[in-house]
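Listed below, chain by chain, are the residues.
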Amino acid sequence: MPKSAKRVAEVVTRQIDAERRHEHRFLVNEGVARLVMRTTANNLPLARDDRPYQWSTTTYCDTPAWAVYRAGKSGAAMQLRLREYHRTRPRDVFGSGTLWIEFKDDDEETSLKERFGVTNALARSFLRGEHVLPEDERRLGERAQELLANGARPVVVTQYNRLAYSSLDSSLRVTADHNLMYMALPWTSSDTGEATALGPMLGMEPRVVIEMKWYGELPHWASDLHEYLKRESVGERPSKFMIAVGLLLGETDGQAT
Amino acid sequence: MAALAAGEPGVTAEATKVVVVEDDPASADVLRRRLQANGMHVDVAGDGVGGLRLVQEVRPDLVLLDVMLPDTDGYDVCLRIKSDPETADIPVIFLSARGEVVDKVRGLSCGAADYVTKPFQAAELLARIDAVLGQARNPRAPRLARPLERSASGRLVARLAIADQALREHVVALVAPRFDLATDPRADIVLVGERDEMPDDTPEGVPSLRITARTPRADEAHVVTADGHLARIAELVAREQRLDHDLQAAAEALIVLASAIASHDRPSPGHSERVASRAVQMARVLGLDESTRMTIRLGALLKDVGNARLPAGLLTKHGELTSDERAQLERHPVLGEEVLAGFHRLHGLLPIVRHHHERLDGTGYPDHLKAEQIPLEVRIVTVADRFEALLVDRADRSGVSEAEAVRILQAAVGRGELDAAVVAALATQVRSGGAT
């Protein structure tokens, strides 16, 4: 379909990062995670939009030539992903009434994210290239369209329980992801309207992934926490997408697979 | 009355099977005695790996799972149970000394049916076990419901030819739970009133039953009383007929085709059978239903039937093929589809026959399909075919190990040729040693 024929989707909700924000990931053991989250809870409220320990299911897209993954290996990548939230763990994707289409532009230190809450049908239509999303000067949507034009489609899924704390002005967000799993996705078609069953598990993360995201300067307590995490972490973690695709291609050893 | 299982007084052969995963031997022993005293069959594992192995072997009705285990944690074990389509419906109850709200929420969000904190009263634990098992056995329990099969509903269709209004309504009420009712001739069975005529337009081969309100005589083989057994009897008759049809058609086709193939030289005897077996196991890992697995099996067996129409000697030619010869060879999927097109019962596997040499990046043949234009069943057979080919020696190279073959196929995924999820299913299947 020519670009001019594409319709701009009706979006239920739109959330945009005001500017690029710092983003650091740490892999820690359970004891360290509990201490970190206790400290965080003393300084930040629970994130209003995140139900504690809800299941977050993220479906990542890539092209047959793995353009996103290859770009990620060189340190920067534009991710196209779809997120769903559930109280109990689903065994499929695209089964929700509302999905979040997310564009995320990563570099070594910072990230920029834009996300759109859309109906299930519209998410499928977007993947088929029939709809575009409202655009602004950052042009993340345009880059996502390029990926879709190059054959990007859902390839891999992560699931985890997230506990999120966030300052009221969203300038600082600290999250802990438990029970992180990586799954293959035998994608069949995006136009049947049926949910797609998850494929085999590629790996599990027995430890906890802590993410700190912030704008500007960290408050003192958070700066101390950041230092503590750097000391105590098993290592700074690459993105979940990079690990998932690495497992899929046999380029990453599975954690407790 | 069920027989007693040897060695476990009071445990019946039909007893509820429970796997206990508990690293403290004393606690495990107390639990085992308590559950056995209540008529349950108990197997105990002392760590997560052993627990998962027991769950695979025993397929219990329930798993009691400690959170803190020596080799991993209970959450991990629970998620693995819930991630395997074969064990996902087995309810899990956590038993843990960790009693914080976050622990309970985390346990339940992993898919556990309940979370009991230690120390617990035996009576409370047994009550919770009963409640969980009761819900698991309730077919309408939403959280334990099995996922819908991906194939068509599979419900049988019955056609009624009963003039008597009262008898007709009674029969409808009896068979509705198992049959869809139809008025046209394309039904799996026709239920005819005792004094009614069989509809003229009923196709040949459709079975029928005569329905009566009385008890039939011993010599009335196809007369059935309209009572609580009617639906089951009708279903058995219809399914038997359907199976007969399928088997007959498949057997005829297979005999014809196998003969055709056998008349030609084959580069690797038994290859199709190995591919079919491997593809079915991969399909099981991917959670595909039995009907789809059957399609995959037949498709894998018959995918190269078009070779029978290739010039003699082409398949076994040593040395490089000319461009003409390669073009001929690459016509075998189309030739195979032509051979099978006349078999109505085999239409479902034609895409496998035609497209098993397509590649996700569009560089395959004959139609240069891309990505999801290639049906999942085809992608599975393609991977199984390439995998099995890598394992055997050929004139130009030696066979490789299964692990090496998986690595080679993962590299092909990286090049965009093969489906990543399908190769992941293969890797899972190979890693499990074929025990899927």
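It should be noted that the structure appears before, not after, this text.
Residues numbered from 1 in each chain as written. Chains lettered and ligands numbered in written order. Predicted model: local features only at pLDDT ≥ 70, side-chain atom pairs only at ≥ 80, totals over all residues. Heavy atoms only, no water.

A.B. asks: How would you summarise the overall build of chain A if you had to cite specific residues and measurements?
C.D. replies: Within chain A, the regular secondary structure consists of six helices and 15 strands. Nonlocal contacts in chain A, meaning residues at least 24 apart in sequence, comprise 73% of its contacts between residues at least 6 apart. (Helix = DSSP H or I, 4+ residues; strand = E, 2+ residues; numbered from the N terminus. Contact = heavy atoms within 4.5 Å.)

A.B. asks: Tell me about the sheet that holds strand β9 (residues 208-212) of chain B, residues and numbers included.
C.D. replies: Residue and element names in this part refer to chain B. Taken together, five strands build an open sheet; the order of strands is β7-β6-β8-β9-β10 and the sheet is parallel. Of all strands in the sheet, those bounded by a partner on one side alone are β7 (179-182) and β10 (223-225). For this sheet, the mean inter-axis angle between neighbouring strands, taken without regard to orientation, is 35°. Across three bridges, the pairing between β9 and β10 is parallel. (Pairing = 2+ DSSP bridges. Axes fitted to C-alpha atoms, helices over the stretch in contact; angles between N-to-C directions.)

A.B. asks: Tell me about the sheet that holds strand β5 (residues 114-117) of chain B, residues and numbers included.
C.D. replies: Residues and elements named next belong to chain B. Within the open sheet, the five strands sit side by side as β2-β1-β3-β4-β5. Their pairing is parallel. Of all strands in the sheet, those bounded by a partner on one side alone are β2 (41-45) and β5. Sheet twist, expressed as the mean angle between neighbouring strand axes with direction ignored, is 20°. Pairing analysis gives four bridges linking strand β1 (residues 17-21) to strand β3 (residues 62-66), with the strands arranged parallel.

A.B. asks: Can you break down the interface of chain A and chain B residue by residue, with the values?
C.D. replies: Residue-level contacts link 33 residues of chain A with 36 residues of chain B. Counting the surface lost from both chain A and chain B, the interface buries some 3,000 Å², and carbon and sulfur atoms represent 52% of this. Counting every contact that joins chain A to chain B gives two salt bridges. Here glutamate 372 of chain B ties to arginine 153 of chain A by a salt bridge, and the two come within 3.4 Å at their closest N and O atoms. For the pair chain A and chain B, the number of links is seven residue pairs in polar contact (both at pLDDT 80 or more). (Buried area = accessible area lost by both parts, 1.4 Å probe. Salt bridge = Lys/Arg side-chain N within 4 Å of Asp/Glu carboxyl O. Polar contact = N/O pair within 3.5 Å; in protein donor to acceptor, adjacent residues only side chain to side chain.)

A.B. asks: I'd like a rundown of the pattern of salt bridges, residues and numbers included.
C.D. replies: Across all of its chains, the model carries 44 salt bridges over all chains by this definition. Put simply, arginine 25 of chain A and glutamate 23 of chain A hold a salt bridge, and the shortest N to O gap is 2.6 Å. Each member of the pair arginine 25 of chain A and glutamate 23 of chain A is classed as buried. Salt-bridge contacts for arginine 309 of chain B lead to glutamate 338 of chain B; the nearest nitrogen and oxygen are separated by 3.2 Å. Of this pair, arginine 309 of chain B sits in the loop between α9 (290-302) and α10 (323-329) while glutamate 338 of chain B is found in helix α11 (residues 332-340), placing the two residues 29 residues apart along the sequence. (Buried < 20%, exposed > 50% of the residue type's maximum accessible area, 1.4 Å probe, protein only.)

A.B. asks: Which residues make up the pairing of strand β11 (residues 172-184) of chain A, and what are the values?
C.D. replies: Residue and element names in this part refer to chain A. Buried residues dominate β11, accounting for 13 of its 13 residues. Pairing geometry for strand β10 (residues 153-166) and β11, over 10 bridges, is antiparallel. Within the sheet, the bridge partner assigned to alanine 164 lies in β11 and is threonine 175. Turn length for the β10-β11 hairpin, with the two strands adjacent in sequence and antiparallel, is five residues, and the turn residue serine 170 shows positive phi of about 65°. Sheet analysis places β11 next to strand β14 (residues 208-214), joined by six bridges and oriented antiparallel. Among the inter-strand pairings, threonine 175 is bridged to a residue of β14, identified as glutamate 211. As judged from the four bridges shared by β11 and strand β13 (residues 201-205), these two strands associate in the antiparallel manner. Residue pairing for β13: methionine 181 is matched across the bridge by methionine 204.

A.B. asks: Give a detailed account of the state of the cysteines, specifying residues and quantitative values.
C.D. replies: Residues and elements named next belong to chain B. Inspection of the entire model under this criterion finds zero disulfides over all chains. Here cysteine 78 stays unpaired: no disulfide links it, and the sulfur of cysteine 110, its closest cysteine neighbor, is 5.5 Å away. The class for cysteine 78 is buried, based on a relative accessible area of 0%. (Disulfide = S-S within 2.5 Å.)

A.B. asks: Before we move on, could you go through empty space enclosed by the protein and cite the residues and values that matter?
C.D. replies: Per the stated rule, a full pass over the model turns up three cavities of 30 Å³ or more. The computed volume of the largest cavity comes to approximately 120 Å³. Lining the largest cavity are 15 residues, and of these Tyr60, Arg81, Lys104, Glu211 and Lys240 of chain A lie nearest its centre. Broken down by secondary-structure element, the contributors of at least two residues to the lining of the largest cavity are β3 (21-28), β5 (77-86), β7 (98-106), β10, β14 and α6 (240-248) of chain A. Its residues placed into classes, the lining of the largest cavity shows three nonpolar, two polar and 10 charged. Lining the second largest cavity we find Arg153, Pro154, Val155, Leu185 and Trp187 of chain A together with Glu372, Arg379, Asp419, Ala420 and Ala421 of chain B. Counting residues per element, the ones that place at least two in the lining of the second largest cavity are β10 of chain A together with α15 (420-431) of chain B. Per-element accounting of the lining of the second largest cavity gives the leading share, three residues, to β10 of chain A. The residue makeup of the lining of the second largest cavity, split by class, is six nonpolar, no polar and four charged. (1 Å grid on protein atoms, 1.4 Å probe; cavity = no way out; pocket = protein on both sides within 12 Å on 5 of 7 lines; lining within 4 Å. Points joined across faces, edges and corners; volume = space filled by probe spheres on them. Nonpolar A, V, L, I, M, F, W, Y, C, P; charged D, E, K, R; others polar.)

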